[in-house]
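Breakdown of the fold
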Amino acid sequence: MTDATLPSRVASRIGVTIFVIGLIVAAGSLYAMLFADLAKEVTGILIVVLSIVLLLMGIPVGVAMLGAAVVGLYSLSGARVVRSTMESVAFDATASWSLSVIPMFILMGMLLWKSGLTTSAFGAARVWLGWMPGGLAVATNFAGAALAASSGSTIGITYALGRVSIPEMLKAGYNPQLAVGSVAAAGTLGQIIPPSLLLVVYAGAASLPVGQQLLAGVIPGLLLAFAFAAMIVISAKLRPGLAPRVDMSGVTWSMRWQSLMDVVPIAIVVIIVIGGLFAGIFTATEAGVCGMFAALILGGIHQLRIGAGLGAIWRMVRDSVVGTLTGTASVFLLIVGVAVLTRAMALSQVPNFIATEVAELGLGRIELLFILIVAYLILGMFMDTLAMMLLTIPVLLAPLISVGVDPLWFGVFLVVMAEVGLLTPPLGILTFIVHRIASDPEANLGKPISLGTVFLGVLPFALTAIAVVVLLIFVPEIVTWLPGASTTR
Amino acid sequence: MTDTRAASAPGPRRPEPGFLKLVDLLSKGLALIAAFALVLLAINVLVDVTGRAAMNRPYPGTLEYTQNWWMPTLTLMAFAFTEWKQEHIKVTILLDTLPLMMRRMVEGIFGLIATALLLALTYHGFNEAMDAAAIGKTTSSSPPVAVWPFMFMAPVGVFALALQTAATSYRYFAGFLPIAALHAEGEAV
């Protein structure tokens, strides 16, 4: 036995043990729901437990929620309700005008990514912000914010930035932790600044107007970007070795203006989507469609400008459509599952039970939200972002409204916490992606970067994001002001 | 979103049975229909917006078509293709720690449980679609838009997903791992 195999064997034993415990819990929950005389609230809790166990067994999350909720519905209301739910749920959950913005936002982001338009964002941010302490990391951060405003794809943004900015920062002598941490943090902005897929899905699950929910993310997203930038600048000031100053003497004003020209296509898409929504010219779906066509035309022109032929444009469109179909289908399978879960939760009266308990415990809005920060940090460690959101919305929304939390505000809170979950171990998917990018010898300049370095690198950014969430709790108007001021349709 | 590549140890290089190829082909065929619906959705909304802005004449029925025709088609018809590409959202944190053989068995068995559930959903969805067809279900808008033909997208899409999930299970049991798991590209979220 070598040292290298020991941890994997231990992990394997722990995994098998947890798996067996999970099976026992699943069997016990099933038996109790089908054969025992349980209070409705207990059945509701068992539905959530069974959902979690099933999704840990590798069943697609949407199907896991569906399975647990169907058993729960049978236990709560009998076969007739199960039948009527299963008859209509697949069609009803997908037949939605408000959620039709999802494929359009995904397609828009994919077209911008596949056309290569997103790569110019870092170059522009670099020549404008590179002079600052930690300037390249700050540039990465604001390039992420700009891309977030034109694409709802966290992963797309991370790839677009990571491949360009990590080697540049390492070449300039930046600490690898700061280099990889700033890329991962920039990626998280993708789901907060609209167009954000997670905010749309939340709005659908919570029956809120999509346009207003998207606008609610604008100021918190920008605030988060500025908070990340401030954290980078302060760290670089306190520890100059972390991010040595970059020589910007070769950068002229004409280069700066030229770099802005390169990001004009992204700016056009941002103006169409966010400007159109804010001014009330478009509904969210219409903004998505117009932004997508703009991305298609501008992406095509960019491909022709760089000398790629029609074949390259065709591949760009084909790959974008394929990515859109799989991205959309994966989200909607989850929405089908959550539709049944929501019905089961309503029948179980678990949300009412929690609301009553919260009132009896004397918990106010602030105490409850602080408890939720801890709960979401724990959930984010082992659950997928969307699964975590959709599993908790049906349970928590009613109790939160009862203590005075604005549902639009909670959507932003939830998405920021979900994005923090993308950074935290052991399931921080964004950190794995950044690690994958940084594992390329061309990116790390031949010096391997460990996963531990990436996790340590994202830690200050995760803490900064939590600090912003705390600020949002005390000043909720940061979230609710813009939707209230807009004339969104 | 995670994939199953951790389980993708080199499997035996032997040709897959023909029925697996047929299931894969069905998934790809339905994805083509989904892609067509995606394009139609975009064009429909664009025509509506430009008509409204340029001539003050929005395209009538855009909301009804988008909601009842294009959205169910583009989402449900892509379910199976997404399973073929192994891009449905799965949590593999626990599975990743299991020994390879055990993981194959677990994924295979729970895949079959998912298949059974999806078949039940297909059956009930089909009954609903037949009922809708019998009464020629339309929207309540004016003019009404026929909904019933597109209600068959639910049983067809979910049935194809059930087949593809069963195919994935078979691949785990037989040592053929899902082909797409080897070249999954990640997702757009």
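Treat the numbers as computed from the prediction; the structure is a model and nothing was measured.

A few words on the overall build of chain A. Secondary structure assignment for chain A yields 24 helices and zero strands. Within chain A, buried positions represent 61% of all 489 residues. Here the analysis covers contacts within chain A between residues at least 6 apart in sequence; of these, 79% occur between residues at least 24 apart. As displayed, chain A offers around 17,800 Å² of accessible surface, 69% of which is attributable to carbon and sulfur atoms.

All names here are of chain A. Within helix α21 (residues 429-438), seven of the ten residues are buried, which leaves the element mostly enclosed by the surrounding structure. Residues of α21 that are buried: Ile429, Leu430, Thr431, Ile433, Val434, Ile437 and Ala438. Buried residues along α21 sit in contact with α8 (154-171), α9 (176-188), α22 (441-444) and α23 (451-474).

This part covers the nonpolar core. In this structure, Ile102, Tyr202, Tyr376, Trp409, Phe410 and Phe413 of chain A are the most contacted members of the largest nonpolar core, which totals 231 residues. Here this core takes 16 residues from helix α16 (residues 310-348) of chain A, the largest share from any one element.

Once that is clear, we can look at the packing of aromatic side chains. Residues and elements named next belong to chain A. This model, assessed by the stated rule, comprises 19 aromatic pairs over all chains. For the pair Tyr376 and Phe413, a centre-to-centre distance of 6.3 Å together with 70° between the ring planes defines the contact as edge-to-face. With Tyr376 in helix α18 (residues 365-382) and Phe413 in helix α20 (residues 407-421), this residue pair connects regions lying 37 residues apart in the sequence. Summarising the burial analysis for this pair, Tyr376 and Phe413 share the class buried. Ring centres of Phe432 and Phe455 lie 6.1 Å apart, and the angle between their planes is 85°; on these two criteria the pair is classed as edge-to-face.

Bringing the packing of helix α15 (residues 284-305) of chain A against helix α1 (residues 18-55) of chain B into the picture now. As a packed pair, α15 of chain A and α1 of chain B sit with axes 9 Å apart at the nearest point and diverge in direction by 100°. Overall, the two elements α15 of chain A and α1 of chain B adopt an arrangement that is roughly perpendicular. Taking contact as the criterion, the partners of Thr285, Glu286, Val289, Cys290, Met292 and Phe293 of chain A in α15 of chain A are, on α1 of chain B, Ala42, Ile43, Val45, Leu46, Asp48, Val49 and Arg52 of chain B. Looking at the contact of α15 of chain A with α1 of chain B residue by residue, the class counts come to nine nonpolar, one polar and three charged.

Facing the 63 residues of chain B at the interface are 72 residues of chain A. At the boundary of chain B with chain A, total buried surface from both sides reaches about 5,800 Å², with 79% on carbon and sulfur atoms. Inspection of the region where chain B meets chain A yields one salt bridge. A salt bridge links Glu286 of chain A to Arg52 of chain B; its shortest N-O distance comes to 2.9 Å. On the surface where chain B and chain A come into contact, there are five residue pairs in polar contact (both at pLDDT 80 or more). Grouping the amino acids of the side of chain B that touches chain A by side-chain chemistry returns 42 nonpolar, twelve polar and nine charged.

Residue and element names in this part refer to chain B. In the predicted model, chain B carries a mean pLDDT of 86, and 86% of its residues have values of at least 70. Looking across chain B, the model is least confident in helix α4 (residues 100-135), with a mean pLDDT of 94, and most confident in helix α5 (residues 148-151), with 97. Contacts from residues 1-11, a stretch scored under 50 in pLDDT, to residues over four places away or in other chains number 36 contacts.

This part covers the side chain of Glu419 of chain A. Residues and elements named next belong to chain A. Mapped onto the elements of the fold, Glu419 is located in helix α20. Here Glu419 is buried and forms no salt bridge, its nearest opposite-charge partner Arg436 lying at an N-O distance of 16 Å. Once residues lying within four places of it in the same chain are set aside, the contact partners of Glu419 are Thr154, Gly187, Thr188, Gln191, Ile192, Leu198 and Thr385.

A separate point is unusual backbone geometry. Here the bond from Pro194 of chain A into Pro195 of chain A is cis, since omega is 5°, no more than 30 degrees from zero. Note the cis peptide between Ser142 of chain B and Pro143 of chain B, where omega equals 0°. Along the chain, Pro143 of chain B turns up in the loop between α4 and α5. Within the chain, Gln349 of chain A stands out as a residue other than glycine whose phi angle is a positive 65°. You can see Gln349 of chain A is positioned in the loop between α16 and α17 (350-361). The residue Asn56 of chain B is not glycine, and still its phi comes out positive at about 55°. Tracing the sequence through the fold places Asn56 of chain B in the loop between α1 and α2 (62-76).

Residues and elements named next belong to chain A. Along the chain, Ile45 turns up in helix α2 (residues 40-56). Relative accessible area serves as the criterion here: at 42%, Ile45 is assigned to the partly exposed category. As for Ile45 and Val405, which are separated by 360 residues in sequence, their C-alpha atoms are 23 Å apart.

This paragraph deals with the pattern of salt bridges. Where charged atoms of side chains with opposite charge meet at close range, the side chains can pair. All names here are of chain B. Taken as a whole, this structure holds seven salt bridges over all chains when the rule is applied. A salt bridge links Arg171 to Glu16; the nearest nitrogen and oxygen atoms lie 2.8 Å apart. Here the residue Arg171 occupies a position in helix α6 (residues 153-174), and Glu16 occupies one in the segment before α1, the gap between them amounting to 155 residues. The pair formed by Arg171 and Glu16 is uniform in burial state, with each residue classed as buried.

So, on to a nonpolar patch on the surface. Residues and elements named next belong to chain B. A surface patch of nonpolar side chains, about 530 Å² in accessible area, is lined by Met101, Met105, Ile109, Leu112, Ile113 and Phe173. Counting residues per element, the nonpolar patch draws most heavily on α4, which supplies five residues. Relative to the assigned elements, Leu112 resides in helix α4.

So, how was this worked out
- All chains use their own residue numbering, which begins from 1 and follows the written sequence.
- Chains and ligands are labelled sequentially in the order written, the chains with letters from A and the ligands with numbers from 1.
- Since the coordinates come from a predicted model, pLDDT governs what is reported: local features require at least 70, and pairs of side-chain atoms require 80 or more to be given and counted, while whole-chain, interface and lining totals use all residues.
- To obtain the side-chain values, all non-hydrogen atoms of the structure were used and water was disregarded.
- Note on conventions: DSSP H or I runs of at least 4 residues are helices, E runs of at least 2 residues are strands, and numbering of each starts at the N terminus.
- Burial status follows relative accessibility: with a 1.4 Å probe on protein chains alone, a residue under 20% of its type maximum counts as buried, one over 50% as exposed, and anything between as partly exposed.
- The contact definition used throughout considers only heavy atoms, calling two residues in contact when any of these lie within 4.5 Å.
- For the area figures, the Shrake-Rupley method with a 1.4 Å probe applies, and any residue is considered shielded solely by the protein chains shown.
- Each nonpolar core is a collection of buried residues, namely Ala, Val, Leu, Ile, Met, Phe, Trp, Tyr and Cys, held together in the definition by side-chain atoms within 4.5 Å.
- Pairing of aromatic side chains requires ring centres within 6.5 Å, counting the rings of Phe and Tyr and the six-membered ring of Trp. Pairs whose planes differ by under 30 degrees are stacked, by over 60 edge-to-face, and all others tilted.
- To obtain each axis, a line is fitted to C-alpha atoms, and for helices this fit is confined to the stretch in contact; angles are then taken between N-to-C directions over 0 to 180 degrees.
- In what follows, roughly perpendicular refers to angles from 65 to 115 degrees, roughly parallel to angles under 35, roughly antiparallel to angles over 145, and oblique to any angle outside these ranges.
- Amino acid classes used here: Ala, Val, Leu, Ile, Met, Phe, Trp, Tyr, Cys and Pro are nonpolar; Asp, Glu, Lys and Arg are charged; the rest, including Gly, are polar.
- Two parts placed together each lose some accessible area under a 1.4 Å probe, and the buried area is that loss summed for both.
- Criterion for a salt bridge: a side-chain nitrogen of Lys or Arg within 4 Å of a carboxyl oxygen of Asp or Glu.
- Contacts described as polar in this section are N or O atom pairs within 3.5 Å, which, within protein, must combine one atom able to donate a hydrogen with one able to accept it, while residues neighboring in sequence count only if both atoms come from side chains.
- pLDDT expresses how confident the predictor is about each individual residue, on a scale running from 0 to 100.
- Counted charges follow a simple rule, with Lys and Arg positive, Asp and Glu negative, and His plus the chain ends left uncounted.
- For patches, a residue must show more than 30% relative accessible area and have no salt bridge; joins then use 9 Å for like charges and 5 Å for nonpolar side chains, namely Val, Leu, Ile, Met, Phe, Trp and Tyr.

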